[in-house]
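Per-entry structural report
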Amino acid sequence: MLTTVAAGRVYDYSYCIGMYSQSGRGFWAPQDFVLGANGRIYVLSRGVEQLGQRVSKISFDHEFQGQFGSVGEEDGRFVWPRSIDLDPHGRVFVSDEHVNRITIYDGEGAYRYHWGRAGSEDGQLNGPSGIAFDSRGAIWVVDSLNHRVQSFSQIGEFQSKFGKQGGGDGDLEMPWGICIDRQDNIYVADWGNNRVQKFAPTGELLVKFEGSSAGVGSLKGPSGVAVDSDGDVYVTDWGNHRVQIYDADGQYITALVGDAQEPSPWTQTYIDANPDIIRARRRTDLEPEWRFRRPVAVNVDSDDRIIVLESYRHRLQIYNKLKDYEEPSINL
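Just so you know, these numbers come straight off a predicted model, no measurement behind them. (Residues numbered from 1 in each chain as written. Predicted model: local features only at pLDDT ≥ 70, side-chain atom pairs only at ≥ 80, totals over all residues. Heavy atoms only, no water.)

A word on the environment of Arg294. Positionally, Arg294 belongs in the loop between α3 (287–290) and β23 (295–300). Exposure remark for Arg294: the relative accessible area of 17% places this residue in the buried category. Separated by 128 residues in the primary sequence, Arg294 and Gly166 have C-alpha atoms spaced 25 Å apart. Non-local contacts of Arg294, meaning those with residues more than four positions away in its chain, are made with Trp238, Gly239, His241, Leu309, Glu310, Ser311 and Tyr312. (Helix = DSSP H or I, 4+ residues; strand = E, 2+ residues; numbered from the N terminus. Buried < 20%, exposed > 50% of the residue type's maximum accessible area, 1.4 Å probe, protein only. Contact = heavy atoms within 4.5 Å.)

Rendered as structure tokens:
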């Protein structure tokens, strides 16, 4: 289904970007992405073992604009990169859950500095995951294995924290992704508790997104979260291979399951150059290829385009949300 209609919302599938690649054009086990200026997208690939770790610079028009970063513990490198965001000046911040640090680059990828220390005390990190900036320029870090969220200045000065391990309201269990809305409220993908929780900047719990007792809107290992201009909330339901959509009060709206019936131009070029692959694709059911496989991160741009990153398909799928949709009156 290329168009999804629910509760007065319409989501039209548009196209996909990406392909598998160890280096250069494409991604390898991508984990997160961020939207930059002038239509640039920064995609963070985790790779496998000692290969593929990098940040790719691409455009919405499928232009590959270069890459930076590589595997290692030296300055400017990373081992298990997990999340990426931009500060108000366009600098690139990357979290590394193996070496417990945040590394900073300029917008083109030149290394600037890093900060972070391993531990469980205030300001220390254990498996840093999602990162996001608020309107004041503070960076909020999901401190996953410490089961909390901490805020820092851009040079790594500890500011505040909230959360503790557990399954009760406001508790966290190996949280993953994060986003911050226009009011600086903080949405945390509470991976181990199969829910998303919305907090005030002070750490007060505001809303939970976890589905009904009947299982409608339920989550299994949520990994990423985003909010659009209407306040609707998008969650990458990593364990169920879908994106769940809720209203601002936590009521389930609908789900997206992936609609990439046409390969990206990068992938199509590869297919066209391999006659055996062309013949094999004619003989098989391609629908599983269209659908999300381990969607890991989601963002919404200023035009309310919903962009979903798939770690197992090494691509982005893009949807347009129609504004002010009304069902036509039909007299039978």
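The gaps left among the atoms become clear once a water-sized probe is rolled over them. In this model, the second largest pocket occupies a volume close to 350 Å³. Lining the second largest pocket are 18 residues, and of these Met19, Tyr20, Thr267, Glu289 and Arg313 sit closest to its centre. Taken together, the elements giving at least two residues each to the lining of the second largest pocket come down to β2 (9–18), α1 (265–272) and α2 (275–283). Ranked by residue count, the leading element in the lining of the second largest pocket is α1, at three residues. (1 Å grid on protein atoms, 1.4 Å probe; cavity = no way out; pocket = protein on both sides within 12 Å on 5 of 7 lines; lining within 4 Å. Points joined across faces, edges and corners; volume = space filled by probe spheres on them.)

Note that Thr254 resides in strand β22 (residues 252–256). Every residue in contact with Thr254, bar those within four places of it in the chain, is listed here: Thr4, Ala6, Tyr11, Val243, Gln244 and Ile245.

Our next topic: the packing of aromatic side chains. Taken as a whole and assessed by the stated rule, the structure comprises 17 aromatic pairs. Both rings, one in Tyr13 and one in Tyr319, keep their centres 5.4 Å apart while their planes meet at 75 degrees; by these two values the pair is edge-to-face. Taken as a pair, Tyr13 in strand β2 and Tyr319 in strand β25 (residues 315–322) lie far apart in primary sequence, 306 residues in all. The two residues Tyr13 and Tyr319 agree in class, both being buried. Relative to Phe158, the ring of Phe152 has its centre 6.3 Å away and its plane inclined at 75 degrees; by these criteria the two rings are edge-to-face. Given a relative accessible area of 0%, Phe152 falls into the buried group. Here a set of aromatic residues connected by ring pairs shows up, and it is made of Tyr187, Phe209, Tyr246 and Tyr252. Residue placement shows Arg294 over the ring face of Trp238; its charged tip is 4.2 Å from the ring centre. The lysine or arginine in question, Arg305, covers the ring of Phe60, its NZ or CZ lying 4.0 Å from the ring centre. (Phe/Tyr/Trp six-rings, centres within 6.5 Å; stacked < 30°, edge-to-face > 60°. Lys NZ or Arg CZ within 6 Å of the ring centre and 35° of its normal.)

What follows is about the sheet that holds strand β19 (residues 222–227). Read across the open sheet, the four strands follow the order β19-β20-β21-β22; overall the sheet is antiparallel. A strand with exactly one partner marks an edge of an open sheet, and here the two such strands are β19 and β22. In this sheet, adjacent strand axes meet at a mean angle of 20 degrees when their direction is disregarded. Judged from the four bridges that link them, strand β21 (residues 242–246) and β22 form a sheet pairing that is antiparallel. Along β22, the bridge assignment pairs Ile245 with Thr254. (Pairing = 2+ DSSP bridges. Axes fitted to C-alpha atoms, helices over the stretch in contact; angles between N-to-C directions.)

On to the pairing of β22, then. Buried residues dominate β22, accounting for four of its five residues. Once β21 ends, the chain turns through five residues before running back antiparallel as β22, passing Gly250 with a positive phi of about 95 degrees.

Pairing within the open sheet is antiparallel, and its four strands lie in the order β11-β12-β13-β14. Of all strands in the sheet, those with a lone pairing partner are β11 (128–133) and β14 (158–162), marking the two edges. Ignoring strand direction, the axes of neighbouring strands in this sheet form an average angle of 20 degrees. Pairing geometry for strand β12 (residues 139–143) and strand β13 (residues 148–152), over five bridges, is antiparallel. Across the sheet, Ile139 pairs through a bridge with Phe152, a residue of β13.

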